[in-house]
Amino acid sequence: MADQEDEELKMALRMSMQKESPEPKRSKPGEEVVSAVGEEGESPEVKNRRLQRELMAAAAEKRMIVAAKNVTKPLAEKSGGSGSGVVECKDKSVNLVKGEDKNVNLVKGEEKIVNLGEELSVAEANELFSMIFGCEVTRDILGQWTNQGIRFSPDPDTSMGLVQHEGGPCGVLAAIQAFVLKYLLFFPEELNIVSPSLSANVGLRRLADKESAGADIFSSLSEEKKSRALVRGMGEILFMCGSNRRVVIASLRILDGNLEASGGRSSDEVISKALEGLSLESGANLQKVLIINSYTSSVDALQRLEALLPVFRSRMGAMLFLISALLSRGMDSVQADRDDPSQPLVTAPFGHASQEIVNLLLSGEAVANVFDGRMDLGGGMFVKGISTTVEVGFLTLLESLNFCKVGLHLKCPKWPIWVVGSESHYTVLFALDTKVQEENELEGRETKIRRAFDAQDQSGGGGFISVEGFHQVLRETNVSLPADKLQNLCSSGYIVWSEFWQVLLDLDKSMGGLKDPSGLMGKKVFDLYHFNGIAKSVMNGNQVSSLNDFPVQRPRLTKLRVSVPPRWTPEEFMSSGPGTSDPTAGKDSVTEVSKPEPSQHAPLVDCIRTRWSRATCTWEGDAPSIV
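Let us look at the structure shown here. All of these numbers come straight from a predicted model, not from anything done at the bench.

**With respect to the packing of aromatic side chains**
For step 1, the next point in the chain: What the rule picks out here adds up to 15 aromatic pairs.
For step 2, the next point in the chain: On the numbers, 5.5 Å between centres and 80° between planes, the contact of Trp 418 with Trp 612 is edge-to-face. Placement of the pair is Trp 418 in strand S8 (residues 417-421) and Trp 612 in the loop between helix H21 (603-611) and strand S16 (616-618), with a sequence separation of 194 residues. For the pair formed by Trp 418 and Trp 612, the shared burial category is buried.
For step 3, the next point in the chain: Aromatic side chains Phe 526 and Trp 612 sit 5.0 Å apart centroid to centroid with 55° between the ring planes, which places their arrangement in the tilted category. Here Phe 526, found in strand S12 (residues 524-532), pairs with Trp 612, found in the loop between H21 and S16; they are 86 residues apart in sequence, far enough to count as distant. The exposure classification of Phe 526 matches that of Trp 612, with both residues buried.
For step 4, the next point in the chain: Taken together, the ring pairs in this structure connect Phe 453, Phe 470, Trp 497, Phe 500 and Trp 501 into an aromatic cluster.

**Notes on the pattern of salt bridges**
For step 1, the next point in the chain: Considering all chains together, one arrives at 18 salt bridges under this definition.
For step 2, the next point in the chain: Residues Asp 268 and Arg 313 are paired through a salt bridge, measuring 3.1 Å at the closest nitrogen-oxygen approach. In this pair, Asp 268 is assigned in helix H7 (residues 267-274) and Arg 313 in helix H10 (residues 309-313), connecting sequence segments 45 residues apart.
For step 3, the next point in the chain: Take Arg 313: its relative accessible area is 23%, and that puts it in the partly exposed class.
For step 4, the next point in the chain: Connected through shared salt-bridge partners, Lys 182, Glu 236, Glu 391 and Lys 414 make up one network.

**Things to note about unusual backbone geometry**
For step 1, the next point in the chain: Between Ala 348 and the following residue, Pro 349, the backbone shows a cis peptide bond with an omega angle of 0°.
For step 2, the next point in the chain: Inspection of the secondary structure assignment puts Pro 349 in the loop between strand S3 (346-347) and strand S4 (352-353).
For step 3, the next point in the chain: Its identity is not glycine, yet Asn 478 carries a phi of approximately 55°, on the positive side.
For step 4, the next point in the chain: The phi angle at Arg 614 is positive, at roughly 60°, despite the residue not being glycine.
For step 5, the next point in the chain: Residue placement: Arg 614 occurs in the loop between H21 and S16.

**So, the packing of helix H16 (residues 441-455) against helix H19 (residues 497-505)**
Packed helix pairs are characterised by how far apart their axes lie and by the angle those axes make with each other.
For step 1, the next point in the chain: One way to put it is that H16 packs onto H19 with a least axis distance of 12 Å and a crossing angle of 150°. As far as their axial angle goes, H19 and H16 are roughly antiparallel. For the pair H16 and H19, the crossing hand works out as right-handed. Residue-level inspection shows Glu 446, Ile 449, Arg 450 and Phe 453 of H16 in contact with H19, the latter providing Trp 497, Phe 500, Trp 501 and Leu 504.
For step 2, the next point in the chain: Split into classes, the residues belonging to the contact of H16 with H19 amount to six nonpolar, no polar and two charged.

**Digging into the side chain of Arg 445**
For step 1, the next point in the chain: Mapped onto the elements of the fold, Arg 445 is located in helix H16.
For step 2, the next point in the chain: By relative accessible area, Arg 445 is classed as buried at 19%.
For step 3, the next point in the chain: Setting aside chain neighbours within four positions, we find Arg 445 in contact with Thr 477, Asn 478, Val 479, Gly 512 and Leu 514.

**Some remarks on the environment of Val 562**
For step 1, the next point in the chain: Mapped onto the secondary structure, Val 562 falls in strand S13 (residues 556-564).
For step 2, the next point in the chain: Here the alpha-carbon distance between Val 562 and Ala 615, two residues 53 residues apart in the chain, equals 6.5 Å.

**A look at the side chain of Thr 558**
For step 1, the next point in the chain: Mapped onto the fold, Thr 558 is located in strand S13.
For step 2, the next point in the chain: For Thr 558, a relative accessible area of 4% gives the class buried.
For step 3, the next point in the chain: Excluding residues within four positions of it along the chain, Thr 558 makes contact with Leu 528, Tyr 529, His 530, Trp 619 and Pro 624.

**Overview of the packing of helix H11 (residues 317-329) against helix H13 (residues 355-363)**
For step 1, the next point in the chain: Closest axis-to-axis distance for the H11/H13 pair is 11 Å, and the angle between their directions is 70°. The orientation of H11 with respect to H13, classified from their angle, is roughly perpendicular. Where H11 crosses over H13, the handedness of that crossing is left-handed. For the pair H11 and H13, the contacting residues are Phe 321, Leu 322, Ala 325, Leu 326 and Arg 329 in the first and Ile 357, Leu 360 and Leu 361 in the second.

**Some remarks on helix H6 (residues 223-241)**
For step 1, the next point in the chain: Under the 1.5 Å per step criterion, the end-to-end length of H6 is 27 Å for 19 residues, consistent within 8% with the ideal 27 Å.
For step 2, the next point in the chain: Backbone geometry just after H6 places Ser 243 at a positive phi near 55°.

**Looking at the sheet that holds S13**
For step 1, the next point in the chain: Reading across the sheet, the six strands line up as S7-S8-S9-S12-S13-S16 and stay open at both edges, with mixed pairing between neighbours. With partners counted over all chains shown, the strands left at the sheet margins are strand S7 (393-396) and S16, one partner each. Ignoring which end each strand starts from, the neighbouring axes of this sheet average 30° apart.
For step 2, the next point in the chain: Pairing analysis gives three bridges linking strand S9 (residues 426-430) to S12, with the strands arranged antiparallel. Residue pairing in the sheet places Leu 429 in a bridge with His 530 of S12.
For step 3, the next point in the chain: Across the face of the sheet, H13 comes into contact with S7, S8 and S9 while running at roughly 150° to S7.
For step 4, the next point in the chain: Where H21 meets the sheet, its contacts fall on S7, S8, S9, S12, S13 and S16, and the angle it forms with S7 comes to roughly 125°.

**With respect to the nonpolar core**
For step 1, the next point in the chain: In terms of nonpolar packing, the biggest core is built from 101 residues, with Phe 133, Trp 145, Ile 176, Phe 321 and Phe 430 touching the most fellow members.
For step 2, the next point in the chain: For this core, the leading source of residues is helix H5 (residues 170-186), giving 14 residues.
For step 3, the next point in the chain: Apart from the residues lying within four places of it in its own chain, the contact partners of Phe 133 are Ile 141, Leu 142, Trp 145, Met 319, Pro 344 and Val 346.
For step 4, the next point in the chain: Within the second largest apolar cluster, 22 residues are counted, among which are Trp 418, Val 562, Val 605 and Ala 615.

**A word on the environment of Val 420**
For step 1, the next point in the chain: Relative to the helices and strands, Val 420 is located in strand S8.
For step 2, the next point in the chain: Overall, Val 420 belongs to the buried group, its relative accessible area being 0%.
For step 3, the next point in the chain: Residues Val 420 and Leu 604, 184 residues apart in the sequence, show an inter-C-alpha distance of 8.3 Å.

**Remarks on the pairing of S12**
For step 1, the next point in the chain: The buried count for S12 comes to seven of nine residues, which makes it a mostly enclosed element.
For step 2, the next point in the chain: By the bridge criterion, nine bridges tie S12 to S13 in an arrangement that is antiparallel. Directly across from Asp 527, in S13, lies its bridge partner Arg 561.

**Some remarks on the pairing of S7**
For step 1, the next point in the chain: The alternating pattern of S7 places Gly 393 and Leu 395 on one face and Phe 394 and Thr 396 on the opposite face, and all of these are buried.
For step 2, the next point in the chain: Direction of pairing for S7 relative to S8: parallel, over a ladder of four bridges. Counted as the bridge partner of Thr 396 is Gly 421 from S8.

The rules behind these values
- Residues numbered from 1 in each chain as written.
- Predicted model: local features only at pLDDT ≥ 70, side-chain atom pairs only at ≥ 80, totals over all residues.
- Heavy atoms only, no water.
- Phe/Tyr/Trp six-rings, centres within 6.5 Å; stacked < 30°, edge-to-face > 60°.
- Helix = DSSP H or I, 4+ residues; strand = E, 2+ residues; numbered from the N terminus.
- Buried < 20%, exposed > 50% of the residue type's maximum accessible area, 1.4 Å probe, protein only.
- Salt bridge = Lys/Arg side-chain N within 4 Å of Asp/Glu carboxyl O.
- Axes fitted to C-alpha atoms, helices over the stretch in contact; angles between N-to-C directions.
- Parallel < 35°, antiparallel > 145°, perpendicular 65-115°, else oblique.
- Left-handed = near helix turned anticlockwise from the far one by under 90°.
- Contact = heavy atoms within 4.5 Å.
- Nonpolar A, V, L, I, M, F, W, Y, C, P; charged D, E, K, R; others polar.
- Expected span 1.5 Å × (residues − 1).
- Pairing = 2+ DSSP bridges.
- Core = buried A, V, L, I, M, F, W, Y, C linked by side-chain atoms within 4.5 Å.

Right, dumping it as structure tokens:
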């Protein structure tokens, strides 16, 4: 039987590859197919041969799909409505660029496989383009995303940072930047390896002798080490998107053979010249120029990324990396991750990277939310958040404004590096010392209680839970509340975290609380660094006397001194007295409790306080900018 099937497969492949006049897209076996010249005049014998060939070719395709399942992943099936064969968005045809053909034809009901190593079909390219940019997209937004390379800053003070020239792709650049910093700061010895490989547990290793990196690391970086960190960072992101099984790397067909320098010109100049006039204003444009390769070997993938560094440095770099991440995840999986797959990944009207793009690059899943796990909305409906701890994390100004709640997976990543989101921009915050993430006994206790509380929070990060969920939290965390406090917290029918937190601060440790008579519960002082790839330089004296006095767009690195005060009990925090003492102890037991130090303020400080409550920050020069 197996031999017969193999023979049928070979026969079907031979028959399907015969050079004949073009036929329309093949429907499923048994469906009516209209030939290019019509059915009239076609003899029954010819028609039977054609139908037989289609049946065998369809069987062959199924065999090939099964054989390739470990290498390729089917893309999402999409039909264009009731037999129309047109991708629709909000009940209208895809209108990508004004004046162009609006109809995007798909083969209804057929499984779609990316022809890895070659090109996407027209249908797949249209689907990809529509997923990213939606039904309508302006040329300004397309210009932002097709004119942003992945390049390091030429300035010595920010040589470790990627430069952003256009608004929009900052979410992609910031995520890549975070992983680049991971390798530069915490795995520098691996950047000396010529042919690196990604190990599955690379992020789980702790460098005992590298807990604190020197502050001069940025000025001593070679171009070779930065390039290797970039390759490693991009490779890790793509493998994470591909569930650590495979990566898809996108490039441009028009650059094939144009990567080498020639005639005294650098490879960057050669590629720049080749890209002149290139416009990606539709899925059809994308299909004509895009080529993709799939890899299951990390060594092969990293070698391909290294070879394509000049392409990623080109104006198409950010766009190609986003496409690589989406195809590595698989378009069907990307759409399944999302709460509302009908919306574009690039948000209107300004073309910013959505939270789904950022989450995809940080966690490997294109979910729209930043809380941990998933939230059950009832009736069989739920929305998805971050499912596991990540290598580098995320903080957002929106949390300080009570618009969302970032879960511990993103807030406490494996490495002290965070992408920072504002209303319109993404930047990066990081520490050189892994100890900033370490917790003392009471901090660990708080984390455990908070995690249990958040697991019961069905408010979308609103910080309150039901009475039933509250009793579950008390059981899981071994907190024993006095009857009067328990009744008071539960009297309204729901429990707010801030009120529960105040009770915990006043509850003795023997009852599962966090009360500390000394008032000192893990004071910390440490340094953080903030990098903004598009920040403006400072004007001399803040005076503008001519056009030449306007600041130049350039990246900026700011060092912040962060002080996290003791975890005061409510009474001590409100007290204006100089200190507290234990009246039953001797004079030597008196503990001085000072108020939080004066702090400079900027929106970035509000983001930092979502990670370290009541932290105070100081810096030299202008305030760090997150916009």
